[in-house]
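Report on the structure
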Amino acid sequence: MKLIKLLPIFPLLFTLSCSTPKNIDYFQDVQNGTIITTANVNDIKIQPEDKLSIVVSTQDPALSSLFNLTNNQMSPTGIASYAQGGNEASYYTVSPQGDINFPVLGLLHIAGMTRSQLASFIENKLIADELVQQPIVTVEFVNTGISVLGEVKSPGLYSFNKDHMTIVDAIAVAGDLTMNGRREDILVVRKNSQGVQEGYRVDLTNLQELANSPAYYLQQDDIIYVEPNDKTKRETTATGNSPFTPAFWTSIVSLAVTVTTLGITISRL
């Protein structure tokens, strides 16, 4: 009799095992007309070991050449060459102390500056030292990148050379999450200015919460890890997902009916 009373529970369990997941869609909090406010926009900042291309332009090409690296220039700060558009150019590698040795100007401490801040800093210094009247300084990051790992279609190391890149941009570049990726608990690992690794958790199902996260705007060398969902984790064992399949619950119901029928038959003997 107790088994008979339990029989109505099995269809309910069967229905729950076939229910639609609610954590697949992105940005579930966004409705028509929703206004999303973001945290302060964070430009990528220069860090030790970054590689930078710095070009000074003036009205006098001969004067400009005094402040621009040639392909054969090398220094303890790691000046080297790289190929760009078929032509060789030169870049600076920022020292562990956050410095570069700039032609004529000497040692410059630049760690913590943005591209635009560094360009203005060099322009103002050239003018203040009465070396150039109207210089134009262009700064570009070389080989700045982030790593995207886990349940994305194309995991790997991706480079970017712009001031703002969001985690949504990075995931799009990596081909989007697979259906097995956890959208509500993505890990971003970042090295802070003291060289210590910090972790942030972000939720792609909630755009407002995501936009307010410190990890919304990426920094160079950030690591994005998309964890597999519970279903994928259970697949690492032979029978991990068996209790969550319709076939499993069909077997349970069939067994329960068989046991109940046998019990009734025996009780009538």
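So, a few notes on the structure that sits alongside this text. (Residues numbered from 1 in each chain as written. Predicted model: local features only at pLDDT ≥ 70, side-chain atom pairs only at ≥ 80, totals over all residues. Heavy atoms only, no water.)

Glancing now at the pattern of salt bridges. Per the stated rule, a full pass over the model turns up eight salt bridges. In this structure, arginine 115 engages aspartate 163 in a salt bridge whose closest nitrogen and oxygen atoms are separated by 2.8 Å. Here arginine 115 is found in helix α4 (residues 115-128), whereas its partner aspartate 163 is found in the loop between β8 (156-159) and α5 (167-173), with 48 residues between them in sequence. Classification of arginine 115 as buried rests on a relative accessible area of 17%. For arginine 182, the salt bridge goes to aspartate 185, with nearest N and O atoms at 3.7 Å. Residue arginine 182 is classed as partly exposed on the basis of its relative accessible area, which comes to 21%. When salt bridges with common partners are traced through the structure, they connect Arg182, Glu184, Asp185, Arg201 and Glu227 into a single cluster. (Salt bridge = Lys/Arg side-chain N within 4 Å of Asp/Glu carboxyl O. Helix = DSSP H or I, 4+ residues; strand = E, 2+ residues; numbered from the N terminus. Buried < 20%, exposed > 50% of the residue type's maximum accessible area, 1.4 Å probe, protein only.)

A separate point is unusual backbone geometry. Only a minority of non-glycine residues have a phi that is not negative, and only a minority of peptide bonds are not trans. In this structure, phenylalanine 27 is a non-glycine residue whose phi angle is positive, near 50°. According to the relative accessible area criterion, phenylalanine 27 is partly exposed, its value standing at 27%. Even without glycine at this site, aspartate 176 takes up a positive phi of about 75°. Its place among the elements puts aspartate 176 in the loop between α5 and β9 (186-191). Its relative accessible area of 29% is what places aspartate 176 among the partly exposed residues.

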